[in-house]
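Each chain, letter by letter, is given below.
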Amino acid sequence: MNAAATPSGPPAKSFQEPGWFTRNVFNRAVNGLMALGISVMGSRVLEVKGRKSGQWRSTPVNLLEVDGTRYLVAPRGNTQWVRNMRVAGGGRLRLGRKTEDFKASEITGDATIPLLRAYLKKWKWEVGAFFAGVGPDATDAELLAIAPEHPVFRID
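Residues numbered from 1 in each chain as written. Predicted model: local features only at pLDDT ≥ 70, side-chain atom pairs only at ≥ 80, totals over all residues. Heavy atoms only, no water.

(A) Seen up close, helix α3 (residues 112-127). End to end, α3 covers just 17 Å across 16 residues, shorter than the expected 22 Å (1.5 Å per residue, more than 12% under). Along its length, α3 shows its largest kink, about 60 degrees, at K121. Lining the buried residues of α3 we find β4 (56-66), β5 (69-73), β7 (98-107), α4 (140-146) and β8 (152-155). (Helix = DSSP H or I, 4+ residues; strand = E, 2+ residues; numbered from the N terminus. Expected span 1.5 Å × (residues − 1). Bend = angle between axes of the 7 residues up to and from the residue. Contact = heavy atoms within 4.5 Å.)

(B) Fine view of the nonpolar core. L64, Y71, L116, Y119, F131, L143 and V152 are the most contacted members of the largest nonpolar core, which totals 20 residues. Within the residue set of this core, elements represented by two or more residues are β4, β5, α3 and α4. When residues in this core are grouped by element, the largest group, seven residues, is from α3. Those residues within four positions of F131 in sequence are excluded, and the remaining contacts are P75, L116, Y119, L120, I146 and H150. L46, L72, L93 and F102 belong to the second-largest nonpolar core, a separate cluster that totals 14 residues. (Core = buried A, V, L, I, M, F, W, Y, C linked by side-chain atoms within 4.5 Å. Buried < 20%, exposed > 50% of the residue type's maximum accessible area, 1.4 Å probe, protein only.)

(C) Broad picture of the pattern of salt bridges. Summed over all chains, the structure comprises six salt bridges. Taking the shortest distance from any N to any O, the salt bridge between D140 and R117 comes out at 2.5 Å. Note that D140 is positioned in helix α4 and R117 in helix α3, a separation of 23 residues in sequence. Take R117: its relative accessible area is 18%, and that puts it in the buried class. For the salt bridge of D156 with R154, the shortest nitrogen-to-oxygen distance reads 2.7 Å. Each of E47, R92 and R94 takes part in a single network of salt bridges with overlapping partners. (Salt bridge = Lys/Arg side-chain N within 4 Å of Asp/Glu carboxyl O.)

Given below as structure tokens:
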């Protein structure tokens, strides 16, 4: 796999491409529900301007809330939305007809440990395959070791 430098240090593996079922069945079903204003366990449509094209790009995401603060975690790694977010510094979250503009700050290092743990507690059933066998009950060291491969952004 390709490696790309991350602000937190070690190179992160490139993103994991969604399979046929995820692309053609799961994401379409979730997107359909979100278009109707129905969130599936915190799901939203993330829109971020492309870093080269300037065009809005969209993808379904799981919005994590911890202690009243909201976060986006990239379970598939250094995806296009992550690269675009780093350049744009924010984006929009959409659910039904409601759109919310936001600024984002990338979280790195030890601060990612409780966020990755909370994310995996809630969505391991959906995204666990992308975390190399690491789950919500993993040690802090195990979570820290995979953190560079799963960027986390705080929604400001």
